[in-house]
Amino acid sequence: LIDRLVLVDSNMQSLCQSEQSHLFGLRFLSVLTTCLDSFLLLESRYSIVDALLSLQQSDTTDDGIIIIDMCSVERNRILVATHLTGGPSERLLPSRDLEDGDHPYPWPMFSSLPVPTEYRPRSHLVPHRLSRPPQSSIIQ
């Protein structure tokens, strides 16, 4: 299943609708990678991150711009989710939705690491500095 639907092996002719099957496989992979144990198994067995980056790189124009479609958007989301840990206040997961118009996807696409900084939230909190308690006078 991983070979056929996620890594898109050379037997794509055997699938009826290859893009829809690939998208299903990517969504399935997205669910699997939410568990750290599953992600580590997939990474050690299939080098899933390298495979996803390679697929992103192969879906580019002559100018090196990544072609935006549902599969590249899903790969982008998986790569962000697997490289940035934490909850909603510690990372920004890109949307799966495409918009109408000249810029269908507002999130930056990438095909090499590190993950772009746009996926890290800017904290508005000033770091707390530990202040020393006032020195009390020594009573003798």
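Structure: above.
Here the structure is a predicted model, which is why all the values come from computation and not from measurement.

**Student:** So what about the packing of helix α4 (residues 48–58) against helix α5 (residues 70–83)? Which residues, and what values?
**Tutor:** Two elements in contact, α4 and α5, have axes whose closest approach is 10 Å; the angle formed by their N-to-C orientations is 145°. In this structure, the crossing between α4 and α5 has a hand that is left-handed. Contact with α4, carried on its side by V49, L52, L53, L55 and Q56, involves S72, R75, N76, I78, L79, T82 and H83 of α5 and no other residues of that element.

**Student:** If you had to explain unusual backbone geometry to someone new, which residues and values would you point to?
**Tutor:** Looking along the chain, the bond that leaves L113 and enters P114 is cis, with omega of 10°. Residue placement: P114 occurs in the segment after α5. Positioned with a positive phi, S47 is a non-glycine residue whose angle comes to about 50°. Relative to the elements of secondary structure, S47 occurs in the loop between α3 (36–46) and α4. On the basis of relative accessibility, which here comes to 32%, the residue S47 falls in the partly exposed class.

**Student:** Tell me about the packing of aromatic side chains, and name the residues and values.
**Tutor:** Applying the stated criterion to the full structure yields three aromatic pairs. On the basis of an interplanar angle of 10° and a centroid distance of 6.5 Å, the ring pair of F24 and F28 is categorised as stacked. Linking F24 with F28, this pair stays in helix α2 (residues 18–32), spanning four residues, or about one helical turn. When its relative accessible area of 51% is taken as the criterion, F24 is described as exposed. In this structure F28 comes out as partly exposed when scored by relative accessible area, which is 32%. Grouping aromatic residues by their ring pairs yields a cluster made of W107, F110 and Y119. If you follow R45 out to its NZ or CZ, it ends over the ring of Y46, 4.9 Å from the centre.

Rules behind the numbers
- Residues numbered from 1 in each chain as written.
- Predicted model: local features only at pLDDT ≥ 70, side-chain atom pairs only at ≥ 80, totals over all residues.
- Heavy atoms only, no water.
- Axes fitted to C-alpha atoms, helices over the stretch in contact; angles between N-to-C directions.
- Helix = DSSP H or I, 4+ residues; strand = E, 2+ residues; numbered from the N terminus.
- Left-handed = near helix turned anticlockwise from the far one by under 90°.
- Contact = heavy atoms within 4.5 Å.
- Buried < 20%, exposed > 50% of the residue type's maximum accessible area, 1.4 Å probe, protein only.
- Phe/Tyr/Trp six-rings, centres within 6.5 Å; stacked < 30°, edge-to-face > 60°.
- Lys NZ or Arg CZ within 6 Å of the ring centre and 35° of its normal.

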